[in-house]
Amino acid sequence: MKSQNGYHWPKALFVLSVNLYEVIAERLQASEDVNMTNVMLSGVAVTVGRSSSGTRSPDKVLQTFAQHLGMLPQRFNEEWKLAAPFYNKHCCPSINEPPDLPVGGRDLSLFIVDYSNLPSLAVLVTNDSPIRAQFAVVYGKDGSIANPIFGILESLDAFSVKANFQLSLSDGKTDIGDVGIFQIPDPQTPNQVVVYQTARGLQHANAFDGFKNLNAIEETKFDAQAWNLGMTLTNVQGTFHTTEGIRKMILEVPGDSLLVADPDTLHAESRSLAIWFSAKGMIYPAMVSWAKYDTGNRWKVFVRYLTQHTIEVLDQEITCALFGPDLTPVFAPPPKPTELKEEFEEQLRKDFQTDPFKAAVIAANLKNMPSLAIPEGYFDSKVKTLDFEDGLDLYVLYHHAQRKHAYQNKRIFEHVFAGAGRNKGASPFHSFESLRSRLKYPAAMTFLLSQERFAMGWAMDGVELGTGHNCLIKNEQEKVYIAGEILFEGADRIRFNFLSGTFTRQIIPLYDPGEASFHDQWIGLISALIGKAWYSQLQLLLHDKYKALLKVPTVTYTDDVLIPFEPPVQSTKMAFCSSEPWMQSCACIASGDSNFNWCKKLEGKNEPCEHDDCQPSGR
C-alpha cells in the first residue's frame, strides 16, 4: 500500500532481531538501491543548519515523513540540530575517526532524540557495515520500548524514507550480539548516554521468577511482563532490593507507586506483574492482585512483593499512583467504545429537529472529547515533498488562500452551524444524499468536524491543492475535534479514516484514556453521523408520513489511505502556473541536488525555488 505522501508501507514489518548487524549488511548488499554510490554518500557529512527551499536535501525528505506522522516544524528543527551533528560524528570515518559505540550497543545502536515523544529523529549506527550511519524516524513501538518501529533514509540522495523497519530485542534467550537503543546525547554532555534498552540488560526480568510457583498468570504472559518490567528498571537505572535503588534512578516517582506491566489487565480484574517503589526507598518485584480506580488518577491496590528470599503481602490496602511500562501514568479506565455514539443518539432522541452535525459537537463536548486549533505554521506555510511514481518529485508549500482554486472547481463542501461564519466560495450542503448529483464516483475527500462546521475537500490528485485540512477551516482560531479522509465509493458504500497529521495526530495525546479509546469513540460517532445525516430532515419527515423506503449506505472505518496518490492533473498545473503570480512560488521540483520553480521548469527555465513568495501579498 502507498500512503498519500508517496511512502511505501509494507504489509509486514521488516524485523531486525538475530545477528542484527549481519542482517543489515546482507540486506544492504542485496538491495539494488544500495550500491557503492550510496556507500560513498553515507560517508558524506550533512549540513547542520536547515537548507533553503531551493535545495533538495535529506532534512526535507525526513521532515516530510515525520510531518506526515504528526511532527510539527518547530520540533523537527530542534531535533535536526541534535541528529545532524551526531550523524556527522558517526557517518564519516574518512573525515574523522567515529566515536566508540556505547557499552551494550557495540555491534548496533539506534540513537533516538526523544523516545518519549514520537515521532522522533534517530540515527542507526552499525559497526563493520559498508554503511555505518543512516538517518531514521522512529514513530512507534511494538509492545515496549525494546521494539521500536522506524523508517530509514537509505542514502542521502533518496527521495523518500522507507517505512516499517523494526528493531527487536525481545528474545532474551538468543545471543543477538551487543545491541542497544539509546538517546542521542546532549552536545553539552556527549559522554552521558541515556540507555533506553539493551539486549544484555535483560537479567532484571529473572527477579520475578519467585512468582511463577503461584501459577497466577499464564506462563507466556508472565514471561512477557517480567521481561518488560526488567528492561524498564534497567532503563531508569534502578536496582532491586537495595536502599540505593530509588536514589540512583534517573526517574522520579512518588513513594508507594506501582509500575504495572499490563495496565489493561487491571480493567479486566486480572493480575499483573509490577515494580513497587516503596515510600521507604526500596524497589521490589511485585504482583498486583487487584486494583480499583479511586479518584485523582490514584488507585486502591492489593499487592504481593518479593524480598530477596520470601513473598510478602502488604498488610493494608494502599492508594497509589500507577504507571505503565512506558512510564506514562495509568489514568481512569477508558469509557465503553460506544459511549460517544450513544450520547450523540441521545441528543437526536431529545429533539427530532436537532441538526445531526451539531448534535455530534454537543455529544463531543459532553463527553470531554478534546479539540484543537490548527498548529502554528500549518495554516499558511505547511510543506510536503511529493515523490510521484513517474519520477516527478515536487516540493510544495500549502497556504490556506489556495482554497480559492478549490472553490472555483466546486471542490469544498461544508455544513456550517447556526451562528458560525461560512467560508465564502464553499458549497453548502445539509445532507450527504444531496451531494449525489454533484459527485463523480469514486470521490475521495478530506474531512473534519470542528466547533463551527463539518467540511469536506474533494481532492483532484495527490497534491490535494486547496482541499487539505488547513483549507477547510475559516481561521486559525477554529477548533477541530476530528479529521481524516472519506471515500464515497458509490451511493451505497462509504469508507473513512482518521489520517491527518495537521489535526488528528495532534489531538490524540490530549485524550487521557488513550489512542485506542479515542479511535473507538470517533469511529462510532462518525459512522452514526453519516447514517443520520444521509437524508435531510424533510426527507425523513416524508418517510415517516408515507412510510417510504429510505436506503442508508454501508459505512466502514479503515486504516487505509483513501485519497489516491496520483500526479497533478492539468487543472492543478494551471492553478500553480496560470492563475495568480504568487502561486508559481508554491510548487517546486527536484532536479539533481536543487529545487527549482516548477512552473518555470515546465517552460525550460531553471529558477530557484522561492517558497517565501508563496503568499497572496508576495514577499
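It should be noted that the structure appears before, not after, this text.
Residues numbered from 1 in each chain as written. Predicted model: local features only at pLDDT ≥ 70, side-chain atom pairs only at ≥ 80, totals over all residues. Heavy atoms only, no water.

Moving on: the overall build of the protein chain. A tally of regular secondary structure across the protein chain gives 14 helices and 26 strands. Burial statistics for the protein chain: of 619 residues in total, 54% are counted as buried. The contacts in the protein chain between residues at least 6 apart in sequence include a share of 63% that link residues at least 24 apart. For the protein chain, the exposed area adds up to about 27300 Å²; of that, 49% sits on carbon and sulfur atoms. (Helix = DSSP H or I, 4+ residues; strand = E, 2+ residues; numbered from the N terminus. Buried < 20%, exposed > 50% of the residue type's maximum accessible area, 1.4 Å probe, protein only. Contact = heavy atoms within 4.5 Å. Areas by Shrake-Rupley, 256 points an atom, 1.4 Å probe, with all protein chains shown as cover.)

Glancing now at the sheet that holds strand E26 (residues 594-597). Within a beta sheet, neighbouring strands are joined by backbone hydrogen bonds and run either parallel or antiparallel to one another. Pairing within the open sheet is antiparallel, and its four strands lie in the order E16-E17-E25-E26. Bordering the open sheet on either side are strand E16 (382-387) and E26, each of which pairs with just one other strand. Across the sheet, the axes of successive neighbouring strands diverge by a mean angle of 30 degrees, strand direction being ignored. In the sheet, E16 pairs with strand E17 (residues 393-398) via six bridges, with the strands oriented antiparallel. Bridge pairing links valine 383 to leucine 397 in E17. (Pairing = 2+ DSSP bridges. Axes fitted to C-alpha atoms, helices over the stretch in contact; angles between N-to-C directions.)

Working definition: the covalent bond between the sulfur atoms of two cysteines is a disulfide. Applying the stated criterion across every chain, the model contains three disulfides. The disulfide that involves cysteine 586 links it to cysteine 614, with 1.9 Å between the sulfurs. Where cysteine 586 bonds to cysteine 614 through sulfur, the torsion about that S-S bond is close to 95 degrees, and the disulfide is right-handed. With cysteine 586 in the loop between helix H13 (570-577) and strand E25 (587-591) and cysteine 614 in the segment after helix H14 (598-602), this pair connects stretches of sequence that are 28 residues apart. Here cysteine 586 matches cysteine 614 in class, with each residue buried. Bridging cysteine 588 to cysteine 609, the disulfide has an S-S length of 2.0 Å. Where cysteine 588 bonds to cysteine 609 through sulfur, the torsion about that S-S bond is close to 75 degrees, and the disulfide is right-handed. Of the two residues, cysteine 588 is situated in strand E25 and cysteine 609 in the segment after H14; the sequence distance between them amounts to 21 residues. For cysteine 588, a relative accessible area of 1% translates into the label buried. Under the relative-accessibility criterion, cysteine 609 is labelled buried at 3%. (Disulfide = S-S within 2.5 Å.)

This next bit is on the environment of glutamine 584. Tracing the sequence through the fold places glutamine 584 in the loop between H13 and E25. When the C-alpha atoms of glutamine 584 and asparagine 597 are compared, they prove to be 7.2 Å apart, with 13 residues separating the residues in sequence. When residues no more than four places from it in sequence are discounted, the contact partners of glutamine 584 are Phe576, Cys577, Asn597, Cys599 and Lys600. Within the structure, glutamine 584 has its side chain in polar contact with the backbone oxygen of cysteine 577 (distance 3.1 Å). (Polar contact = N/O pair within 3.5 Å; in protein donor to acceptor, adjacent residues only side chain to side chain.)

Between its first and last C-alpha atoms helix H4 (residues 73-91) spans 25 Å; for 19 residues at 1.5 Å apiece the expected length is 27 Å, and the two agree. Listed in full, the buried residues belonging to H4 are Arg75, Phe76, Glu79, Trp80, Ala83, Ala84, Phe86, Tyr87, Asn88, His90 and Cys91. (Expected span 1.5 Å × (residues − 1).)

Before going further, it helps to spend a moment on the pattern of salt bridges. Under the defined criterion, the tally for this structure stands at 17 salt bridges. Residues glutamate 342 and lysine 336 are paired through a salt bridge, measuring 3.1 Å at the closest nitrogen-oxygen approach. Where salt bridges share partners, they join Glu414, Glu452, Arg453 and Glu478 into one cluster. (Salt bridge = Lys/Arg side-chain N within 4 Å of Asp/Glu carboxyl O.)

This paragraph deals with the packing of helix H8 (residues 356-366) against helix H11 (residues 515-532). With their axes 10 Å apart at the nearest point, H8 and H11 run at an angle of 160 degrees to one another. The orientation of H8 relative to H11 falls into the category roughly antiparallel. Relative to H11, the crossing made by H8 is right-handed. On the side of H8, the interface is formed by Pro356, Phe357, Ala360, Ala363 and Ala364, while H11 contributes Trp522, Leu525, Leu529 and Lys532. (Parallel < 35°, antiparallel > 145°, perpendicular 65-115°, else oblique. Left-handed = near helix turned anticlockwise from the far one by under 90°.)

Leftover empty space is mapped by rolling, across the atoms, a probe with the size of a water molecule. Volume-wise, the second largest pocket comes out at about 450 Å³. Lining the second largest pocket are 22 residues, and of these Ser381, Val383, Leu397, His611 and Asp612 sit closest to its centre. Breaking the lining of the second largest pocket down by element, the ones donating at least two residues are helix H3 (58-68), H4, E16 and E17. At three residues, H3 tops the list of elements feeding residues into the lining of the second largest pocket. For the lining of the second largest pocket, the class distribution of residues is five nonpolar, 11 polar and six charged. (1 Å grid on protein atoms, 1.4 Å probe; cavity = no way out; pocket = protein on both sides within 12 Å on 5 of 7 lines; lining within 4 Å. Points joined across faces, edges and corners; volume = space filled by probe spheres on them. Nonpolar A, V, L, I, M, F, W, Y, C, P; charged D, E, K, R; others polar.)

Take the nonpolar core next. If you look at the biggest cluster of nonpolar residues, it comprises 58 residues, and the most contacted ones within it are Phe432, Met456, Phe488, Trp522 and Ile526. Of the residues forming this core, the biggest block, seven residues, is contributed by H11. Beyond its immediate stretch of four places on either side in the chain, phenylalanine 488 contacts Phe432, Leu439, Tyr441, Pro442, Ala443, Met445, Met456, Arg493, Ile494 and Trp534. (Core = buried A, V, L, I, M, F, W, Y, C linked by side-chain atoms within 4.5 Å.)

Let us look at empty space enclosed by the protein. Evaluated as defined, the whole model comprises five cavities of 30 Å³ or more. Arg56, Lys60, Val61, Phe159, Thr385, Leu386, Asp387, Asp393, Leu394, Tyr395, Ala590 and Asn595 together form the lining of the second largest cavity. If you list the elements that add at least two residues to the lining of the second largest cavity, you get H3, E16 and E17.

On to unusual backbone geometry, then. Glycine aside, residues mostly have negative phi, and peptide bonds are mostly found in the trans state. Here the amide bond leading from leucine 118 into proline 119 is cis, since omega sits at 5 degrees, within 30 degrees of zero. Relative to the assigned elements, proline 119 resides in the loop between strand E2 (108-112) and strand E3 (120-126). Backbone geometry at asparagine 215 places phi at a positive 50 degrees, although glycine is not the residue there. Checked against the element boundaries, asparagine 215 lands in the loop between strand E8 (195-198) and helix H5 (219-235).

With respect to the helices, strands and loops of the structure, serine 431 is situated in the loop between strand E19 (427-428) and strand E20 (443-450). As for serine 431 and alanine 533, which are separated by 102 residues in sequence, their C-alpha atoms are 5.3 Å apart.

What follows concerns the packing of aromatic side chains. For the structure shown, the criterion picks out 28 aromatic pairs. With centroids separated by 6.2 Å and ring planes inclined at 75 degrees, the aromatic side chains of phenylalanine 576 and tryptophan 598 adopt a geometry described as edge-to-face. Of this pair, phenylalanine 576 sits in helix H13 while tryptophan 598 sits in helix H14, and the two are 22 residues apart along the sequence. Taking the relative accessible area as the measure of exposure, phenylalanine 576 reaches 0% and is therefore buried. Site record: aromatic cluster; members linked through ring pairs are Phe357, Phe429, Phe432, Phe447, Phe454, Phe488 and Trp534. The ring of tyrosine 398 carries the charged tip of lysine 384 above its face, separated from the ring centre by 5.4 Å. Over the face of the ring belonging to phenylalanine 596 we find lysine 601, whose NZ or CZ atom lies 5.1 Å from the ring centre. (Phe/Tyr/Trp six-rings, centres within 6.5 Å; stacked < 30°, edge-to-face > 60°. Lys NZ or Arg CZ within 6 Å of the ring centre and 35° of its normal.)

Right, let's get into the pairing of strand E7 (residues 179-183). With four of five residues buried, E7 is to be regarded as a mostly interior element. Direction of pairing for E2 relative to E7: parallel, over a ladder of five bridges. Following the sheet pairing, phenylalanine 111 is matched in E7 by phenylalanine 182. Where E7 lies against E8, three bridges are found, and the strand directions are antiparallel. In the sheet register, isoleucine 181 faces E8, and the bridge partner there is glutamine 197.

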